[in-house]
Amino acid sequence: MGAIGAYLAALALAVGLGLPLAVMFASHAQARAAAAAVESIARQPEAAGDIRFSLILGLALIESLVIYVLVAFFVIQGKVPTVEQVLELAKTAAFPFTK
């Protein structure tokens, strides 16, 4: 099943790990951004409005990347074959001259 099997394995891996990894890294980035903003406001309370605006803008951009990954996840998930399709493909690949 060679190249087709490798393609299906890579596709399943992308679907299974892509979204969780994106969410994990995005949540880490959001936590770091919020911590840095709180620390900056503690150091310079008079700049709280500007810091808050920058924080909200940065969090929105980070979250939009996760939404793009979610859309890509649904697109790729639609291309993953069902178990029956994989078994049929395996049968035809294993016995190509039976027809």
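Conventions used here
- Residues numbered from 1 in each chain as written.
- Predicted model: local features only at pLDDT ≥ 70, side-chain atom pairs only at ≥ 80, totals over all residues.
- Heavy atoms only, no water.
- Helix = DSSP H or I, 4+ residues; strand = E, 2+ residues; numbered from the N terminus.
- Rg over C-alpha atoms; globule rule 2.2 N^0.38 Å.
- Buried < 20%, exposed > 50% of the residue type's maximum accessible area, 1.4 Å probe, protein only.
- Contact = heavy atoms within 4.5 Å.
- Areas by Shrake-Rupley, 256 points an atom, 1.4 Å probe, with all protein chains shown as cover.
- Lys, Arg positive; Asp, Glu negative; His and termini not counted.
- Charge placed at Lys NZ, Arg CZ, Asp CG, Glu CD.
- Expected span 1.5 Å × (residues − 1).
- pLDDT = per-residue confidence, 0-100.

A.B. asks: Just checking my understanding: could you explain the overall build of the chain for this structure?
C.D. replies: Within the chain, the secondary structure is distributed over three helices and zero strands. Shown N-terminal to C-terminal, the secondary structure of the chain runs as helices and strands in the order α-α-α. Its C-alpha atoms give the chain a radius of gyration of 23 Å, clearly above 13 Å, the size a compact globule of 99 residues would have. Seen through its C-alpha atoms, the chain measures out along the principal axes to roughly 80 × 15 × 15 Å. Out of the 99 residues in the chain, the part that is buried amounts to 14%. In the chain, the proportion of contacts linking residues at least 24 apart, taken out of those at least 6 apart, comes to 77%. By element, 72% of the accessible surface of the chain is carried by carbon and sulfur atoms, the whole surface being about 7400 Å². In the chain, the 6 positive side-chain charges and the 6 negative ones have mean positions that sit 10 Å from each other.

A.B. asks: Before we go on, may I ask you to explain helix H2 (residues 48-77) in this structure?
C.D. replies: The periodicity of an α-helix, 3.6 residues per turn, causes residues three or four positions apart to be oriented the same way. For H2, with 30 residues, the first-to-last C-alpha span of 43 Å sits near the 44 Å given by 1.5 Å per residue. Turning to H2, its buried residues number three or more, namely Ala48, Ile51, Ile62, Val66 and Phe73.

A.B. asks: Looking at this structure, I do not really get the environment of phenylalanine 53. What am I missing?
C.D. replies: The topology assignment puts phenylalanine 53 in helix H2. Under the relative-accessibility criterion, phenylalanine 53 is labelled exposed at 57%. As a C-alpha pair, phenylalanine 53 and glutamate 88 span 35 residues in sequence and 55 Å in three-dimensional space.

A.B. asks: Can you walk me through the confidence of the model for the chain in this structure?
C.D. replies: It should be kept in mind that the predicted coordinates are not to be read in detail where pLDDT is low. Across the chain, the average pLDDT comes to 84, with 91% of residues at 70 or higher. Taken element by element, the predicted model of the chain shows its lowest mean pLDDT in helix H3 (residues 83-94) (73) and its highest in H2 (91).

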